[in-house]
Amino acid sequence: MENLQIPENYSSPLTIRETEVAIKEVKDHFERALAKSLHLTRVSAPLFVRPESGLNDNLNGVERPVSFGVKEQNDREVEIVHSLAKWKRYALKRYEFHSGEGLYTDMSAIRRDEDTDNIHSIYVDQWDWEKVISKEERNMETLEYTVNKVYSALKETEQFMARRYNYIEAFLPDEITFITAQELETMYPDKTPKEREYRFAKAKGAIFIKQIGKTLASGEKHDGRAPDYDDWELNGDIIVYYPVLDIALELSSMGIRVDEEALLRQLKAAGCEDRIELDFQKALLAGELPYTVGGGIGQSRICMYYLRKAHIGEVQSSVWPEEILEYAAAHNLNLL
């Protein structure tokens, strides 16, 4: 219960049925805005992959994937994806996308080890997107340009929802503020990474924290990142201030993906050099995959944000501890 936060006198202006209508409006509008902004084509994507493929996202390296045996294949094991960070890069090659072109897809995942609270669920739904770039475009300028494109779609969607529903006030700033994880640590040396995010996001409204995954001057990391998809020098998170809960809310994690050099460097730093023998990593080191930029954008997160909901369970159907269900029902939280 200590992870559950209920704003004082909270009550959503929307009924459950009205919420379901509004969720579709958010998703439809943002999906179109994102595809237009980044020149993306929608594709189908897998719900599960084989462990030996190396395609699953290892997240922080400790989360256990949900797996099962396939009966008609002698119970050969497959894993529910954590995200499609690596699969998308493989798909761009297979589907013959070229530089400047990209794809996006609906991704559903189960994260069984998630600690749930107002913004975390064991069910994850996001738009996974990926775009081909040239090797010369693997730089900070490309990253910031792409972040601004994603942010423009986020801002446009908020303005659309504010016009549709009179209780929604558009409060995203005109521009997103960029800062590195090291600059943030230097600014708030006595704060935790989450406290730094909160303070800076509240001051600026919308921020992009760059270079997440590598070790900072303190010897700590701002946050964990798998070593074999984002380049830790060219990645980051889009975070907004969310006044309903008075928190910093991460909406997207994205970055320019590793090239051959960055992959080897980061696998060594993470003590994961054994992954070199996996299919995806071998293909990347052999120069068989395109250079890309990509990310994930939480579908339930942005629905929660735009509809000014207090709990992610108000915009997605998941499972929750019994005490959470009872407490929510007593405090005007309509969990789906």
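Keep in mind that what you see is a predicted model, and the values were worked out from it rather than measured. (Residues numbered from 1 in each chain as written. Predicted model: local features only at pLDDT ≥ 70, side-chain atom pairs only at ≥ 80, totals over all residues. Heavy atoms only, no water.)

Draft legend 1. Quick look at the packing of helix α1 (residues 16-38) against helix α8 (residues 299-306). Orientation of α1 relative to α8, taken along the N-to-C sense of each, is 115°, at an axis distance of 10 Å. You can see that α1 and α8 cross each other, and the crossing is right-handed. Listed contacts from α8 to Ile23, Val26, Lys27 and Phe30 of α1 are Gln299, Ile302, Cys303 and Tyr306. Among the residues making up the contact of α1 with α8, the classes are represented as six nonpolar, one polar and one charged. (Axes fitted to C-alpha atoms, helices over the stretch in contact; angles between N-to-C directions. Helix = DSSP H or I, 4+ residues; strand = E, 2+ residues; numbered from the N terminus. Left-handed = near helix turned anticlockwise from the far one by under 90°. Contact = heavy atoms within 4.5 Å. Nonpolar A, V, L, I, M, F, W, Y, C, P; charged D, E, K, R; others polar.)

Draft legend 2. Up close: empty space enclosed by the protein. The final tally for this structure, using the stated rule, is one cavity of 30 Å³ or more. Estimates place the volume of the largest cavity at around 50 Å³. In terms of lining, the largest cavity is formed by Ser12, Leu14, Thr15, Ile16, Thr19, Lys309, Glu314, Asn334 and Leu336. Across the lining of the largest cavity, the residue classes tally to three nonpolar, four polar and two charged. (1 Å grid on protein atoms, 1.4 Å probe; cavity = no way out; pocket = protein on both sides within 12 Å on 5 of 7 lines; lining within 4 Å. Points joined across faces, edges and corners; volume = space filled by probe spheres on them.)

Draft legend 3. Spotlight on the side chain of Ser318. Along the polypeptide, Ser318 turns up in the loop between α8 and α9 (322-329). Judged by its relative accessible area of 16%, Ser318 is buried. Engagement of the side chain of Ser318 in a polar contact is seen with the side chain of Ser121, the distance being 2.9 Å. Apart from residues lying up to four places away in sequence, Ser318 is in contact with Ser121, Ile122, Tyr123 and Leu336. (Buried < 20%, exposed > 50% of the residue type's maximum accessible area, 1.4 Å probe, protein only. Polar contact = N/O pair within 3.5 Å; in protein donor to acceptor, adjacent residues only side chain to side chain.)

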